[in-house]
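# Descriptive structure summary
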Amino acid sequence: RNVAEAHLSVFIDEMMLPPKMVRYIVEGRVGNPEYEEQLMLLNKKIAFFGLEDTKASFSYNEMRPHLEMLVAKATQKVRDFLLDKIALLRRPNTNIQIIKENVLLRHKTLVEFLQDHSFTDFSEVRDDYIATISYLYNTLFRKYIVGTMALKEDVGTHGEL
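Residues numbered from 1 in each chain as written. Predicted model: local features only at pLDDT ≥ 70, side-chain atom pairs only at ≥ 80, totals over all residues. Heavy atoms only, no water.

### A closer look at the overall build of the protein
- Broken down by element type, the protein carries 8 helices and 0 strands.
- C-alpha extents for the protein along the principal axes are approximately 105 × 25 × 25 Å.
- Among the 161 residues that make up the protein, the fraction classed as buried is 32%.
- For the protein, the accessible area works out to roughly 11,200 Å², and carbon and sulfur atoms hold 58% of it.
- Both charge centroids of the protein, one from 21 positive and one from 23 negative side chains, sit 4 Å from each other. (Helix = DSSP H or I, 4+ residues; strand = E, 2+ residues; numbered from the N terminus. Buried < 20%, exposed > 50% of the residue type's maximum accessible area, 1.4 Å probe, protein only. Areas by Shrake-Rupley, 256 points an atom, 1.4 Å probe, with all protein chains shown as cover. Lys, Arg positive; Asp, Glu negative; His and termini not counted. Charge placed at Lys NZ, Arg CZ, Asp CG, Glu CD.)

### Points about the layout of surface pockets
- Empty space within the largest pocket amounts to approximately 240 Å³.
- Leu82, Ile86, Lys100, Leu104, Leu105, Lys108, Val111, Phe122, Val125, Arg126 and Tyr129 together form the lining of the largest pocket.
- Among the secondary structure elements, those contributing two or more residues to the lining of the largest pocket are α5 (58-88), α6 (96-104), α7 (108-117) and α8 (119-151).
- Of the residues forming the lining of the largest pocket, the biggest block, 4 residues, is contributed by α8.
- Among the residues making up the lining of the largest pocket, the classes are represented as 8 nonpolar, no polar and 3 charged.
- Space inside the second largest pocket adds up to approximately 200 Å³.
- Taken together, Leu89, Arg90, Arg91, Pro92, Asn93, Thr94, Ile96, Tyr135, Leu136, Thr139, Leu140 and Lys143 make up the lining of the second largest pocket.
- Per-element accounting of the lining of the second largest pocket gives the leading share, 5 residues, to α8.
- Of the residues belonging to the lining of the second largest pocket, the class tally is 6 nonpolar, 3 polar and 3 charged. (1 Å grid on protein atoms, 1.4 Å probe; cavity = no way out; pocket = protein on both sides within 12 Å on 5 of 7 lines; lining within 4 Å. Points joined across faces, edges and corners; volume = space filled by probe spheres on them. Nonpolar A, V, L, I, M, F, W, Y, C, P; charged D, E, K, R; others polar.)

### Re the pattern of salt bridges
- The final tally for this structure, using the stated rule, is 7 salt bridges.
- Of the charged contacts, one joins Arg64 and Glu68 as a salt bridge, the two residues approaching to 3.1 Å between their closest N and O atoms. One end of the pair is Arg64 and the other is Glu68, both in helix α5 and 4 residues apart, which spans about a single turn.
- The class of Glu68 is partly exposed, set by a relative accessible area of 46%.
- With a closest N to O distance of 3.6 Å, Asp127 and Arg126 form a salt bridge.
- By sharing partners, the salt bridges in this structure join Arg79, Asp80, Asp121 and Glu124 into a single network. (Salt bridge = Lys/Arg side-chain N within 4 Å of Asp/Glu carboxyl O.)

Given below as structure tokens:
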């Protein structure tokens, strides 16, 4: 009886969506480390809901819509956050390397979450990043070419010597 009670207790704990997690994902700020911890907890819940034994339970059908709504809200917030951070790269006189290292790379887990749970949003963020970086590198390279052409000295021709 104690063993069955322990298994049932673990199952209920895994099926339950903690109110703190739900509240933080819905109302919290995406850039905080606490938000990423709550997303990792949500990932564990999603993995548990993907198990065959879980799908066979009655509570799965009851909790699945709530989990799907929570995942949709989380992916929407993460998408908006990442698009805002990519927009920082488009500002004039921005140090691209610092933004990439200190802002985007620090939130790598958010990108992985988006890739795992909403590939369309991930594709949108990825395409926006690619377009932004391509434009920036193209602009910087053109400025470099113009600068090097201005430094070019014309060497005298055969008749001038």
